Amino acid sequence: MSQQSNLFKQSNIHIPLADRMRPTSLEGYVGQEHLLAEGKPLRQAIDSKRPFSLIFWGPPGTGKTTLARLIAHNSNAHFITISAVLAGVKDIRAAVDEAKQYQSQGKQTILFVDEVHRFNKAQQDAFLPYVEDGTVTFIGATTENPSFELNNALLSRARVFVLQNLSATALSELIDHALNDKDKGLGQLDLKIDSNCKDILIEAADGDGRRLLNFLEIASEMAMARDKSEDDSWAIDQRVLEETLTQSLRRFDKGGEHFYDQISALHKSVRGSNPDAALYWFCRMLDGGVDPLYVARRVVRMASEDIGNADPRGLSIALNAWDVQERLGSPEGELAIAQALTYLACAAKSNAVYIGYKAAMADVKSDPTYEVPMHIRNAPTKLMKDLDYGSGYRYDHEEPDAHSAGQTYFPEEKGETEYYQPVDRGLEKKIADKLAWIRQRNQGR
């Protein structure tokens, strides 16, 4: 490796590019214009130097930690950072004691909790009183939906700001800054990258600024291991990027917001009769590392919830796909799941069973515990028969058209109730006709 490359390594050893390039002012901060444009509430709070407790919710690498540091720097506040992955109640108390020392000197403290969703209720409760009395101004960062992961007490005392994936334009700016900055970046190395390779890096980063800079740093080292180009510079070309990105995977948090967003998109595509979109979201999830068996289970739910009796074959196809995935694994199982998804997307739709089930369950939870009518009770013993169990029951197979017209099955106090209302589509159209015939006979009895 060249002398210049060695000098670069020695001067920046142990400090990743993503950390070196962390901006120290809002002017150098890239992205999140929807929060930081002039006149926006967060920008006003920063400019007024009066920070308040808040939570940054967004994907990895979108600038949550950097923004917290900038808020502390701009307001001249003492900054304490703890990671919810590593910290416990003892660490929280130590941070609070440190904040009290600064408070006695008239200085505000910002307590930044990274991955705050990892704190349990007891840990969240441990610093809540000190947020309330002003000992610390709390800033939390999370990739998870705060409404699911954080205590209501903490949520009510902190304003939530949603950060977005960095746009291609923002990521392009990050690349330019890193390649041109001679103090903290790679500017002293004379690295070159063309627009096509720049686009490849941006796509691989998938909206994550930290990931982009990590890729760029690895690519720069690989480029410097090669010979210089004719203009006496190192080129980050397609060959370098192929080596750099070989092991990269798209961002996919199996327990987080991306996961539930994509499951939702898949389900709604099936419900909306769009097999192409269903295949797209299924492949997105597979590409991100989701367990196909989880998708198979959700496909069974789709068959019952959104197709139901309009096409009962859908449930069998969904169960068969699940079985194939369990028996054969990849890729045969994934293809079977894709087959089930496209069938369900194209099938007649009905949520009549789903609605009926929910309505019946709501009644059961709210009604008294009615007795089973005597005529439809089982009577396996003489005593039960003597007590009139089963008395007056009419056996349907011995009735005309195998239907005991007029016989009731609900508790007498409740009366007849209609939960299941078939739609006028698919097989349910015939089911609706059959139920209309039965109800007519019951009324004429």
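Data block above holds the structure.
Now for a look at the structure at hand. (Residues numbered from 1 in each chain as written. Predicted model: local features only at pLDDT ≥ 70, side-chain atom pairs only at ≥ 80, totals over all residues. Heavy atoms only, no water.)

**Focus on the overall build of the protein chain**
The number of helices and strands found in the protein chain is 21 helices and seven strands. Computed over its C-alpha atoms, the radius of gyration of the protein chain comes to 32 Å, more than 25% above the 22 Å expected for a compact globule of 445 residues. Taken along the three principal axes of its C-alpha coordinates, the protein chain extends 100 × 60 × 40 Å. Restricting to contacts in the protein chain with at least 6 residues of sequence separation, those with at least 24 account for 72%. Here the protein chain has roughly 24,400 Å² of accessible surface; of this, 50% comes from carbon and sulfur atoms. Across the protein chain, 52 positive and 63 negative side-chain charges occur, with their mean positions spaced 3 Å apart. (Helix = DSSP H or I, 4+ residues; strand = E, 2+ residues; numbered from the N terminus. Rg over C-alpha atoms; globule rule 2.2 N^0.38 Å. Contact = heavy atoms within 4.5 Å. Areas by Shrake-Rupley, 256 points an atom, 1.4 Å probe, with all protein chains shown as cover. Lys, Arg positive; Asp, Glu negative; His and termini not counted. Charge placed at Lys NZ, Arg CZ, Asp CG, Glu CD.)

**Re the pattern of salt bridges**
The final tally for this structure, using the stated rule, is 18 salt bridges. When the shortest N-O distance is used, the salt bridge between R20 and E217 registers 3.6 Å. Placement of R20 in helix α2 (residues 17-20) and of E217 in helix α12 (residues 209-224) is noted, with a sequence separation of 197 residues between them. Among the residues examined, R20 registers a relative accessible area of 7% and is labelled buried. R327 is the salt-bridge partner of D323, the closest N and O atoms lying 2.9 Å from each other. With D323 and R327 both in helix α17 (residues 313-328) and four residues apart, the pair spans about one turn of that helix. Overall, the relative accessible area of 66% leaves R327 in the exposed class. Taken together, the shared-partner salt bridges in this structure form one network comprising R271, R301, E305 and D306. (Salt bridge = Lys/Arg side-chain N within 4 Å of Asp/Glu carboxyl O. Buried < 20%, exposed > 50% of the residue type's maximum accessible area, 1.4 Å probe, protein only.)

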